[in-house]
Amino acid sequence: KPAQTTVKKYTFGTDATFPPFEFQKDGKYIGIDIDLINAIGKEEGFEVEIKPMDFKGIIPAITAKQLDGALAGISITDERKKVVGLSDPYYQAGLSLVVREDNTTIKTPDDLKGKVIAIKKGTSGAKLAEEYGKKYGATIKHFDDSPSMYQEVANKNADVTIEDFPVISYKIAVDPNSKLKIVGDRLDSDFYGIAVSKDNVELLDKINSGLKKLKANGKYDEILSTYMGKST
Ligand code: GLN
């Protein structure tokens, strides 16, 4: 009688309105992060369950053991490394200032004095906006997801937002009615990592090993070009 094997199933949180990394199409979650974790699971022999939630809830849900991990374009930071495990970097992102397409007054952070900045709660963009808020005397408006934040700028209820460069570039490229544009240089050059529960060394090892295999066998590049085209 063959030994019974049980395939481990891990639950990963995601920020479901963050294309091209995660978004919904025909009722299914797709995107770079989703394909990546499914491919890693296949390589390393575990099953994946995806749980969409607001970005701000993701790290707390991992520390509370409601999730095994998360992929949500999560920037690797020293602060986060204290509370969760973070994989090897898998994508270099960075942050950009984003204004309405007809705005001519904001080009750099120095132009933020007295302005209204829309941010998404819990993000590295929000952290930077709060610093600018103090430094330049800008007002911060908080949102739970990226689409609401973009809308606020498009509707002129906020002057500017700070968003991950690849995400806002994709948005502007695929939506000719976004009314948004990127201004200035990238504000930082952070990397995305996959987050896991801090004590789950087994899962972190599997993820890093899977990432390495996917980079070596071309599957990683294939996933990126599925969503971003050949130029990126
Ligand atoms: N990369 C940013 C962060 O980690 C934003 C991620 C997101 O909005 N999903 O804070």
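Summarised in this report is the structure supplied together with it. Since we're looking at a predicted model, the values are computed, not measured. (Residues numbered from 1 in each chain as written. Predicted model: local features only at pLDDT ≥ 70, side-chain atom pairs only at ≥ 80, totals over all residues. Heavy atoms only, no water.)

**Side note on the pattern of salt bridges**
For side chains bearing opposite charge, pairing can occur when the charged atoms are close. Rules: Only one rule defines a salt bridge in this text: a Lys or Arg side-chain nitrogen within 4 Å of an Asp or Glu carboxyl oxygen. Strands here mean DSSP runs of E at least two residues long; helices mean DSSP runs of H or I at least four residues long; both are numbered from the N terminus. Note on exposure labels: buried denotes an accessible area under 20% of the residue type's maximum, exposed denotes more than 50%, and partly exposed covers the range between, all computed with a 1.4 Å probe on protein chains only.
Enumeration according to the criterion identifies 15 salt bridges in this entry. We note a salt bridge from Asp-144 to Lys-56, for which the minimum N-O separation is 3.1 Å. One end of the pair, Asp-144, is in the loop between strand 10 (139-143) and helix 5 (146-154); the other, Lys-56, is in helix 2 (residues 55-63), and 88 residues separate them in sequence. Since its relative accessible area comes to 28%, Asp-144 is described here as partly exposed. For Glu-152, the salt bridge identified is with Lys-141, shortest N-O distance 2.7 Å.

**A word on the packing of helix 1 (residues 32-44) against helix 7 (residues 201-216)**
Under the convention used in this document: Note on definitions: angles span 0 to 180 degrees between N-to-C directions of axes, and those axes are lines fitted to C-alpha atoms, for helices only across the stretch in contact. When describing relative orientation, an angle under 35 degrees is termed roughly parallel and one over 145 degrees roughly antiparallel, while 65 to 115 degrees is termed roughly perpendicular and anything else oblique. Note on definitions: a residue-residue contact is assigned when non-hydrogen atoms from the two residues lie within 4.5 Å. Classification used: nonpolar for Ala, Val, Leu, Ile, Met, Phe, Trp, Tyr, Cys and Pro, charged for Asp, Glu, Lys and Arg, polar for all others including Gly.
It is the contact of helix 1 with helix 7, at a shortest axis distance of 9 Å, that shows an interaxial angle of 100 degrees. In terms of orientation, helix 1 lies roughly perpendicular with respect to helix 7. Two secondary-structure elements touch here, helix 1 through Leu-36, Ile-37, Ala-39, Ile-40, Glu-43 and Glu-44 and helix 7 through Lys-206, Ile-207, Ser-209, Gly-210, Leu-211, Lys-213 and Leu-214. Tallied by class, the residues present in the contact of helix 1 with helix 7 amount to seven nonpolar, two polar and four charged.

**Side note on the site of the ligand**
Put simply, the test is: To be near a molecule or strand, a residue needs just one of its heavy atoms within 4 Å of it. We define a polar contact as two N or O atoms separated by no more than 3.5 Å, with the added condition that, inside protein, one atom must be a possible hydrogen donor and the other a possible acceptor, whereas residues neighbouring each other in sequence contribute only through side-chain atom pairs. Surface accessibility follows the Shrake-Rupley procedure with a 1.4 Å probe radius. Residue values consider only the protein chains on display as shielding. Buriedness of a pocket was judged along seven lines, with at least five required to meet protein on both sides within 12 Å; pockets are open sets of points on a 1 Å grid over the protein atoms alone, cavities are sets where a 1.4 Å probe fits but cannot get out, and lining residues have an atom within 4 Å of a point. Throughout, a molecule is located in a cavity or pocket provided that more than half of its atoms lie within 2 Å of its grid points.
Near the ligand lie 13 residues; those nearest to it are Gly-73, Ser-75, Arg-80, Ser-124 and Asp-164. Here a nitrogen atom of the ligand and a backbone polar atom of Gly-73 are 2.7 Å apart. Ser-75 has a polar side-chain atom sitting 2.7 Å from a nitrogen atom of the ligand. Relative to its free-state accessible area of 290 Å², the ligand is covered by the protein chains to the extent of 100%. Put simply, the ligand lies in the largest cavity. When grouped by side-chain class, the residues that make up the shell around the ligand number five nonpolar, four polar and four charged.

**Section: the packing of helix 1 against helix 8 (residues 219-228)**
Put simply, the test is: Handedness of a crossing follows from how the near helix is turned relative to the far one, being left-handed for an anticlockwise turn of less than a right angle and right-handed for a clockwise one.
As a packed pair, helix 1 and helix 8 sit with axes 9 Å apart at the nearest point and diverge in direction by 155 degrees. Relative to helix 8, the element helix 1 is oriented roughly antiparallel. Handedness of the crossing formed by helix 1 with helix 8: right-handed. Contacts between helix 1 and helix 8 involve Ile-32, Asp-35, Leu-36 and Ala-39 from the first element and Lys-219, Tyr-220, Ile-223, Leu-224, Tyr-227 and Met-228 from the second. Of the residues in the contact of helix 1 with helix 8, the class split is eight nonpolar, no polar and two charged.

**Regarding the packing of aromatic side chains**
Note the following rule: Between 30 and 60 degrees the pair is tilted, below 30 it is stacked and above 60 it is edge-to-face, where a pair is any two Phe, Tyr or Trp rings, Trp via its six-membered ring, whose centres lie within 6.5 Å. A ring is considered to have a charge above it if a Lys NZ or an Arg CZ atom is located within 6 Å of its centre and within 35 degrees of its normal.
For the structure shown, the criterion picks out 10 aromatic pairs. A centroid spacing of 5.3 Å and a plane angle of 70 degrees characterise the contact between Phe-21 and Tyr-91, whose relative ring orientation is edge-to-face. With Phe-21 in the loop between strand 1 (8-14) and strand 2 (23-25) and Tyr-91 in strand 7 (residues 91-92), the pair connects residues that are 70 residues apart, well separated along the chain. In this pair, the class of Phe-21 matches that of Tyr-91, namely buried. Taking 6.4 Å as the distance between ring centres and 45 degrees as the angle between the ring planes, the aromatic pair formed by Phe-23 and Tyr-170 counts as tilted. Of the two residues, Phe-23 is situated in strand 2 and Tyr-170 in helix 6 (residues 165-174); the sequence distance between them amounts to 147 residues. With a relative accessible area of 15%, Phe-23 lands in the buried category. Cluster of aromatic residues (ring-pair linked, three or more members): Phe-18, Phe-21, Tyr-90, Tyr-91 and Tyr-192. Stacked on the ring of Tyr-220, the Lys or Arg Lys-215 has its end atom at 5.1 Å from the ring centre.

Any functional reading would require information beyond the geometric quantities listed.
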